[in-house]
Amino acid sequence: MASSRLPVAAALLALAACSNEPTAIATGSFSVTAMDARGVMHQIAAHRGKPVLVNLWATWCPPCVAEIPDLIAATKGFRARGGVVLSVAMEQLGDVSAEDAVPKATAKAKELGVDFPVFVCTDDEMKTIRAVFGVEIGGLPQTLTYDRAGNLVQQNEGMATREQFETIAKGAER
Amino acid sequence: MKALLTTSLSFCLAAPLFAQEGGKEPAKPAPAAAEKAEAPKKLQLGQRLNGETTLLDIDGKPQNAHDLLGTITVVNFYSIKCPIQAAWDTRLALIQKDFEGQGVVFLHIDSNATEIGEAPPKVEGDAKPYANIRDHLKAKDLPFRVFVDHGNKIADVFEAKTTPHVYVFGKDGRLVYKGLVDDDQKDRNADNRQNHLRDVLGKLTKGEKVEPFATKEEGCSIKRTKAAPAGADKGDERGGKKDGE
């Protein structure tokens, strides 16, 4: 588990001006919105003042799918205390087409019982996503946490357990 | 040279696989040896590997590293299901084709529990295990020699995180590169991409010195076998099966 502090909030707001207009779908318990990585960073920045946990996943990534029930369960308290969980589906990093990305992510999120916002990232190359996020993202899943000031405080690479998610969430609240 | 590499490129996987292959109970290791096996040394840039000397091929046969290694060796952590690996398959096969004749050996290792299972499968008669890997290579016409890594022991020694994740051992058996095949995942920038693997192999085959370096890997996380916490019933398998894997 790597940990670092990067001032990103100001940069994120600047980036937001460049992002594409998102397409949103409302479902029963969560929303699904397609946007590029810059748009995702804008969403993170928009929650400044609250701790934010960002989970990067994809429907074609078995460990990503496997950890989501634990993510949901482990962050209930965190969310109840004002923390924010954002889910970012990196469908097009794999071989999912732009057309199929939102339906696939929506169906899987619904099946898993996701109850927080889902963003479907329209960027399809890891190096683009890395450059925008300012984080050395390797494989999926990844969980990034940002403190109330918008600083990245933790990067968890790979699948996490419920207990690990609880620890990660607590780290963002400090 | 080969002797140097043989002692260096070796894995802790060997002993239990040999034992299971023959259907015999493995000899119980001495306590000290067992403790040692539980904490294999992690491979660092500039280092050689230490340990046993066997890999399991997709026919289920243990192979001695003596017979596998070349003057220069490329190890790639592989997946038959990862779309990011698939994006690099053709380029990786081309690099392999270009360098195999120059003494470079390519070994592809599948450590994904969701693809190979947690333990070597039992096969009867002339049946061969790992049909999924064999079928995949045939369908895509890939010349990859794939080995399997049950329990991700090799992946753990290498600290391999994704598929693909490439490692290059130079003529002295030391690890000189780990990371990407190139920096062009989607194959859109052939004229301007950083061809890390090809460039390293080009230098090594010409006898040029390569200072050990790494690039950040990109790919699907290796689906490791996880020891389930007491009382818990979860792990990679759950998601894999749900996802049709």
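Remember, predicted model here, so these are calculated numbers, not experimental data. (Residues numbered from 1 in each chain as written. Chains lettered and ligands numbered in written order. Predicted model: local features only at pLDDT ≥ 70, side-chain atom pairs only at ≥ 80, totals over all residues.)

Undergrad: Explain the overall build of chain A here, please?
TA: A count of helical and extended segments in chain A gives 7 helices and 8 strands. Classification of the 174 residues of chain A by burial places 54% in the buried group. Within chain A, contacts between residues at least 6 apart in sequence are counted, and of these 72% link residues at least 24 apart. (Helix = DSSP H or I, 4+ residues; strand = E, 2+ residues; numbered from the N terminus. Buried ≥ 20, exposed ≤ 12 C-beta atoms within 10 Å, placed from the backbone. Contact = placed C-beta atoms within 7 Å.)

Undergrad: Please clarify how the sheet that holds strand 6 (residues 162-163) of chain B should be interpreted in this entry.
TA: Strands belonging to one sheet form pairs held by backbone hydrogen bonds; the direction of such a pair is parallel or antiparallel. The sheet built from 3 strands is open, its strands ordered 6(A)-10(B)-6(B) with mixed pairing. The sheet is open, and its two edges are formed by strand 6 (139-140) of chain A together with strand 6 of chain B, each paired on a single side. Two strands pair when backbone bridges link them, and strand 6 of chain A and strand 10 (residues 219-221) of chain B are joined in this way by 2 bridges, in the parallel orientation. Of the residues in strand 10 of chain B, the one forming a bridge with Gly139 of chain A is Gly219 of chain B. (Pairing = 2+ DSSP bridges.)

Undergrad: I tried to follow the nonpolar core on my own but got confused; where do I start?
TA: Note that soluble globular proteins tend to have their nonpolar side chains buried in a common cluster. Among the nonpolar cores identified, the biggest contains 108 residues, and Val120 of chain A together with Val168 of chain B are the most heavily contacted of them. A total of 7 residues in this core trace back to one element, the largest contributor, which is helix 3 (residues 62-74) of chain A. Discounting chain neighbours no more than four positions away, the residues touching Val168 of chain B are Val74, Val176, Tyr177, Leu197, Val200 and Leu201 of chain B. (Core = buried A, V, L, I, M, F, W, Y, C linked by C-beta atoms within 7 Å.)

Undergrad: Even after reading the chapter, I still don't get the pairing of strand 8 (residues 152-157) of chain A, so can you show me in this structure?
TA: A regular strand places its side chains so that they alternate between the two faces of the sheet. All names here are of chain A. The element strand 8 is extensively covered by neighbouring structure, given that 5 of its 6 residues are classed as buried. Two strands pair when backbone bridges link them, and strand 7 (residues 142-146) and strand 8 are joined in this way by 5 bridges, in the antiparallel orientation. Paired with Tyr146 across the two strands is Leu152, which belongs to strand 8.

Undergrad: I would appreciate a short explanation of the confidence of the model for chain B in the present structure.
TA: Low-confidence regions, as indicated by low pLDDT, have predicted coordinates that should not be scrutinised in detail. Residue and element names in this part refer to chain B. Per-residue confidence for chain B gives a mean pLDDT of 80, with 73% of residues at or over 70. Per-residue pLDDT stays below 50 along residues 1-37; that stretch engages in 68 contacts with residues further than four places along the chain or on separate chains. Predicted confidence is poor over residues 228-245, with pLDDT under 50, and the contacts of this stretch with residues over four places away or in other chains come to 27 contacts. Scored by ipTM, the complex comes to 0.76, with pTM at 0.79. (pLDDT = per-residue confidence, 0-100.)

Undergrad: Looking at this model, I keep getting lost on the interface of chain A and chain B. Mind explaining?
TA: Put simply, an interface is often sized by how much accessible area is lost when its parts join up. On the chain B side, the residues contacting the 21 residues of chain A number 23 residues. Contributions of two or more residues to the side of chain A that touches chain B are made by helix 3, helix 6 (126-133) and strand 6 of chain A. Take the side of chain A that touches chain B: its biggest share by element is 4 residues, from helix 3 of chain A. Counted by class, the side of chain A that touches chain B contains 11 nonpolar, 4 polar and 6 charged residues. (Nonpolar A, V, L, I, M, F, W, Y, C, P; charged D, E, K, R; others polar.)

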